[in-house]
Amino acid sequence: QAEDGIRDCLLSRGLGDVYKRQVIVLAAGKGTRMNSNRPKVLHEVGNFPLISHCIKTAQSINPQKILAVLGHRRTEIKNVLENSDTSIELVIQEAQLGTGHAVSIAIEELADFDGNVIVLFGDTPFVSAETMRKIEARSRQADLVVLGFHAPDPSGYGRLITNDNELLKIVEHKDANGQELALNLCNSGVMAGSSLVLKELLKELDRDNKNNELYLTDCVQLAKAKGLNCSYLVCEPKEALGINSLQQLSLAEKRFQETARTEALEIGIHLVAPETVFFSLDTEIGRDTIVEPNVIFGPGVKVGTGCTVKAFSYLERCNVSHNCSIGPYARLRPGVDLSEGVKIGNFVEIKNSKIAENSKINHLSYIGDTEIGENSNIGAGTITCNYDGANKHKTVIGKNVFIGSNTMLIAPLTVGNNSMTGSGSVITKDIPADNLAIARSEQNNKNGGAKKLKALLRNKKNKTKS
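Residue numbers restart at each chain and count upward from 1, following the sequence in its written direction. This being a predicted model, a pLDDT of at least 70 is required before a residue's local features are given, and a value of 80 or more before pairs of side-chain atoms are given or counted; all residues contribute to the totals for chains, interfaces and linings. Hydrogen atoms and water are omitted, and side-chain values are computed over all heavy atoms in the structure.

## A look at the overall build of the protein chain
Inclusion rule: We count a stretch as a helix when DSSP gives it H or I for four or more residues in a row; a strand needs E for two or more, and each element gets its number in order from the N terminus. As defined in this context, the radius of gyration uses C-alpha atoms, and a globule is described by 2.2 Å times the residue total to the power 0.38. Only protein chains enter the calculation, and the probe is 1.4 Å; a residue is then buried if its accessible area is under 20% of its type maximum, exposed if over 50%, and partly exposed in between. The contact criterion used throughout is that any non-hydrogen atoms of two residues lie within 4.5 Å. For accessible areas, the Shrake-Rupley method is used with a probe of radius 1.4 Å. Any residue's cover is judged against the shown protein chains and nothing else. Positive: Lys, Arg. Negative: Asp, Glu. His and the chain ends are not part of the count. Charged groups are reduced to one reference atom each: NZ for lysine, CZ for arginine, CG for aspartic acid, CD for glutamic acid.
When you go through the protein chain residue by residue, the secondary structure sums to 10 helices and 37 strands. A compact globule built from 466 residues should have a C-alpha radius of gyration of about 23 Å, whereas the protein chain, at 31 Å, is more than 25% larger. Over its C-alpha atoms, taken along the principal directions, the protein chain stretches across nearly 105 × 65 × 40 Å. The buried share of the protein chain, taken over its 466 residues, is 47%. Considering only contacts in the protein chain between residues 6 or more positions apart, those separated by 24 or more positions represent 44%. Total accessible area computed for the protein chain in this model is approximately 23,100 Å², and 47% of it derives from carbon and sulfur atoms. Averaging the positions of the 54 positive and the 53 negative side-chain charges in the protein chain gives two centres separated by 14 Å.

## Some remarks on the packing of aromatic side chains
This is how it is decided: Two aromatic rings from Phe, Tyr or Trp, using only the six-membered ring of Trp, form a pair when their centres are within 6.5 Å; if the ring planes differ by under 30 degrees the pair is stacked, by over 60 it is edge-to-face, and anything between is tilted. Ring-over charges, as used throughout, are those where CZ of Arg or NZ of Lys falls within 6 Å of the ring centre and within 35 degrees of the ring normal.
By the definition in use, this model includes four aromatic pairs. With 5.5 Å between their ring centres and 5 degrees between their planes, Phe-279 and Phe-297 make a pair best called stacked. Separated by 18 residues along the polypeptide, Phe-279 in the loop between β12 (270–271) and β13 (284–285) and Phe-297 in strand β15 (residues 296–297) bring together distant segments of the chain. Take Phe-297: its relative accessible area is 1%, and that puts it in the buried class. Ring plane angle 5 degrees and centroid distance 4.9 Å describe the contact between Phe-312 and Tyr-329, whose orientation is recorded as stacked. Taken together, the positions of Phe-312 in the loop between β17 (308–309) and β18 (314–315) and Tyr-329 in the loop between β20 (325–326) and β21 (331–332) put the pair 17 residues apart, joining distant regions of the chain. Through a chain of ring-to-ring contacts, the aromatic side chains of Phe-312, Tyr-329 and Phe-347 assemble into a single cluster. Here the basic side chain of Arg-261 rests over the ring of Phe-278, its NZ or CZ set 4.9 Å away from the ring centre.

## Remarks on the pattern of salt bridges
Stated precisely, the cut-off is as follows: Salt bridge, as applied in this entry: a Lys or Arg side-chain nitrogen positioned within 4 Å of an Asp or Glu carboxyl oxygen.
Counted according to the given criterion, the structure contains 16 salt bridges. Close ionic contact of Glu-130 with Lys-134 constitutes a salt bridge, the shortest N to O distance being 3.7 Å. Of this pair, Glu-130 and Lys-134 both sit in helix α5 (residues 129–138), four residues apart, which is roughly one turn of that helix. Taken together, the shared-partner salt bridges in this structure form one network comprising Arg-21, Glu-136 and Arg-140.

Here you go:
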């Protein structure tokens, strides 16, 4: 009966839309070797969970649907996926009975879908878009396609048993004999094929192996026994890196950063000391931007063209327009939006604020929950006092405003266009346009007061010692 189903599927090939494709992401495993309370696929590389990398890979071929199979600690993974910008359907694997069992559950959710399915693993983050396109193209020509790689150290990996371009079977490491273990063509886990063919093959899997699991890899040998065409592709070993331990996670982070730096240089971003710059998965930077040493780009950062990000600056979830200057030692926190030509100097922290064209915040300031108009200058040591211990309040600073050094702006507050504050002021009321606001205590000089005070303090100190 299974053979009849496969034969019907093969006969119908080409009658429908053979370019239909869906992706299944396996993310149900416990990841015990991570020695962590976090689900394995939520450990991060480039400030994004491993599963997010995998989903980005899946999206590179524009599938009609992406299904994620969840099991262990699924609520945490579900929360992350549901809060992302991607549309993913979730499938629950209650009992973890192997990769074949996980895929069979997902395949059932595809109902009568007649097209190609690509299976990815949520802990294998580096499969490239180019490789995905090759797999998808090959899966239109072969009944099953497996992605392999030549491993310098194949320990722990399943082996691909081949005859020229033909894939004969996959043997898991625990089940391999000595001759098979000597091979270094390893299984990445990625597999593609017709959804209907896979559905029929998965029904025939058994748990006759050392792990007592349903192996997805056994589909190859079952397919060969039915005379089906099984093929394989070979990718670079770094694409097939699976994360099973914190040591491998560290290696993955290193490889991610090396790749991101290379790509940045290739598109015209000047990294003064590339090895000291750290990127996130979604970092976007325009050409002719200079990034000095020891800069960190957290998630959600967009930087325009012709900018300079100076040494030891940290940016996170912010937007920087063209020709801006940031740092050194600047911190841009979530919600910051800098318009063109803005200058942010040393030891300046900004959060949830919009700064208009050509305004400057050059030294030692904190700006939070604030809007600043164009061509304004914020003096050294300025602080927007936006939090009263319970609520955040907004400060609005107009155009062509000059804020004197060491000004405290007590929000909520509005500073009108073309106005000024005197240095050292504590501003508690709105400032109308064109006004100068000075709010500081009157200076009182005591004649000889310093000499008298020093003598008094010395006498007091001496009495304490005696």
